[in-house]
Each structure stands twice: as C-alpha cells, then as structure tokens.
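# Working through the structure, step by step
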Amino acid sequence: MRTHPAFALLLRRLAFFVVFLGLAGAARAQTPQLDLPHVELTAGMYRIDAQVALTPEQREIGLMWRKQMPMHEGMLFVFEQPAQQCFWMKNTLLPLTAAFVRDDGSIVNLADMQAQTTNSHCSAEPVRYVLEMNQGWFARHGIKPGFKLGGAPFARR
C-alpha cells in the first residue's frame, strides 16, 4: 500500500514538529528559575532574600540547574496546606540545606541534601513551608530546629 505524497510530507513535517517541541522542552527544562517573585525573610539578625515557588511547576523545578547562589539567597516553597513535604536533589547542582517550617515560622527540622541525588528528605511533621539555602548556612548562623524565622509569609498565620 502506497502513501499519498502529500500525506507522507505531512507526516514528515509532523514528526519534525514533535521532535522540535521535545528538544525545545528539554532545553527549557534545563534553565534555572531566576524570575520568581522574592520575599524578604529574617533569621534573627540575618536577612534572607528568598525566591518564592508557589505553583506546582515552580516547586517541581525549584533550584534545579542553578550553578551558584549568593549566600544570603534561598528559595521558599509554599504549599497550599500543611502536609509531610519530601524533597530530593535530582538535577540540582548545589548542595543545599532544607528547613521545614511551620505556619508560624518555626523550624521543625533541617536536612542537608547532596547535589544530584535522589535521596528523599522529609519534614518530621506536616508543614506548609520549606526554605532551601546553600548547605551549611543554617549551621554557620547557629540556626536549629525550634528557631523562628520572620517575614510576611509567617506573619499572616
């Protein structure tokens, strides 16, 4: 059975378009998120400039593909309701520490996470917020579980 030449051309163009979209999507997927809104948080006398990941897609990408991050910067993941939150480091190039944070800003637990691993790091209890910072930031500033962060997200609750 022979395929009509116009139909064969259409199939070739469609296949090219599908491959093009796949490559464009892959390129986009390897681009770090640098344009998210920011919020200022405080940890005692220390200021944190945190990008805010609100949507499921923003949370899924997180800090993937970032090659560097200034020490006073981080990312605050905001979830709709408290739940056990678990994070991994697939495609994340920087070693990070995750602070699992209650609605009032108090830190439940901290987890050091190695770059490009798929180990699961979870909150010890249901939380709405997770703050990721460069690994060691919390330890260098003497911040431990029970410490209370400040800032607009925690003032509303």
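Residues numbered from 1 in each chain as written. Predicted model: local features only at pLDDT ≥ 70, side-chain atom pairs only at ≥ 80, totals over all residues. Heavy atoms only, no water.

The helix and strand tally for the protein stands at four helices and nine strands. N-terminal to C-terminal, the α/β element order of the protein is α-β-β-α-β-β-β-β-β-β-α-β-α. For the protein, the proportion of its 157 residues judged to be buried stands at 40%. Across the protein, contacts joining residues at least 24 apart in sequence account for 68% of those joining residues at least 6 apart. (Helix = DSSP H or I, 4+ residues; strand = E, 2+ residues; numbered from the N terminus. Buried < 20%, exposed > 50% of the residue type's maximum accessible area, 1.4 Å probe, protein only. Contact = heavy atoms within 4.5 Å.)

Here we come to the nonpolar core. Judged by nonpolar contacts, the single largest core of 19 residues is most densely connected at Leu41, Ile48, Leu76, Leu131 and Phe138. Looking at this core, the elements with two or more residues in it are strand S1 (38-43), strand S2 (46-53), strand S3 (73-83), strand S5 (96-101), strand S8 (127-134) and helix H3 (137-140). In this structure, Leu131 is in contact with Leu41, Ile48, Ala50, Met75, Leu76, Thr97, Ala98, Ala99, Phe138 and Leu149, ignoring residues within four places of it in sequence. Leu36, Leu63, Met89 and Ala111 belong to the second-largest nonpolar core, a separate cluster that totals 18 residues. (Core = buried A, V, L, I, M, F, W, Y, C linked by side-chain atoms within 4.5 Å.)

Bringing the side chain of Arg59 into the picture now. Tracing the sequence through the fold places Arg59 in helix H2 (residues 56-61). A polar contact of 2.7 Å, which involves the side chain of Arg59, links it to the backbone oxygen of Val78. The contacts of Arg59, once residues within four sequence positions are left out, are Ala53, Leu54, Phe77, Val78, Phe79 and Glu80. (Polar contact = N/O pair within 3.5 Å; in protein donor to acceptor, adjacent residues only side chain to side chain.)

Scanning the model with the defined rule gives four salt bridges in all. A salt bridge links Arg102 to Glu125, with the nearest nitrogen and oxygen atoms 2.7 Å apart. Here Arg102 is found in the loop between S5 and strand S6 (107-113), whereas its partner Glu125 is found in the loop between strand S7 (121-122) and S8, with 23 residues between them in sequence. Put simply, Asp103 and Arg128 hold a salt bridge, and the shortest N to O gap is 2.8 Å. Taken together, the residues Asp103 in the loop between S5 and S6 and Arg128 in strand S8 connect sequence positions 25 residues apart. Overall, Asp103 belongs to the partly exposed group, its relative accessible area being 21%. Accessibility expressed as a relative area gives 10% for Arg128, which makes it buried. (Salt bridge = Lys/Arg side-chain N within 4 Å of Asp/Glu carboxyl O.)

Read from one edge of the open sheet, seven strands run S6-S5-S8-S3-S2-S1-S9, paired in mixed fashion. Single-partner strands in this sheet number two, and they are S6 and strand S9 (150-151). In this structure, S3 lies alongside S8, joined through six bridges in antiparallel fashion. Residue pairing in the sheet places Met75 in a bridge with Glu132 of S8. (Pairing = 2+ DSSP bridges.)

All right, on to unusual backbone geometry then. Of note, the phi angle at Trp65 is positive, near 75°, even though the residue is not glycine. Tracing the backbone through its elements, the reader meets Trp65 in the loop between H2 and S3. Looking at Trp65, the relative accessible area reads 19%, which means it is buried. Positive phi, normally seen in glycine, also occurs at Asn91, with a value near 65°. Here Asn91 is to be found in the loop between strand S4 (86-87) and S5.

Summed over the entire model, instances satisfying the criterion amount to six aromatic pairs. For the pair Tyr46 and Trp137, a centre-to-centre distance of 6.3 Å together with 80° between the ring planes defines the contact as edge-to-face. Taken together, the residues span a long stretch of sequence, with Tyr46 in strand S2 and Trp137 in helix H3 at a distance of 91 residues. The exposure class assigned to Trp137 is buried, which follows from its relative accessible area of 3%. Considering the side-chain rings of Phe77 and Phe87, the 4.8 Å spacing of their centres and the 80° angle between planes classify their relative orientation as edge-to-face. Here Phe77 is found in strand S3, whereas its partner Phe87 is found in strand S4, with 10 residues between them in sequence. When its relative accessible area of 9% is taken as the criterion, Phe87 is described as buried. Among the aromatic side chains, those forming a connected cluster through ring pairs are Phe77, Phe79, Phe87 and Phe100. (Phe/Tyr/Trp six-rings, centres within 6.5 Å; stacked < 30°, edge-to-face > 60°.)

All we've got here are geometric facts, nothing functional implied.
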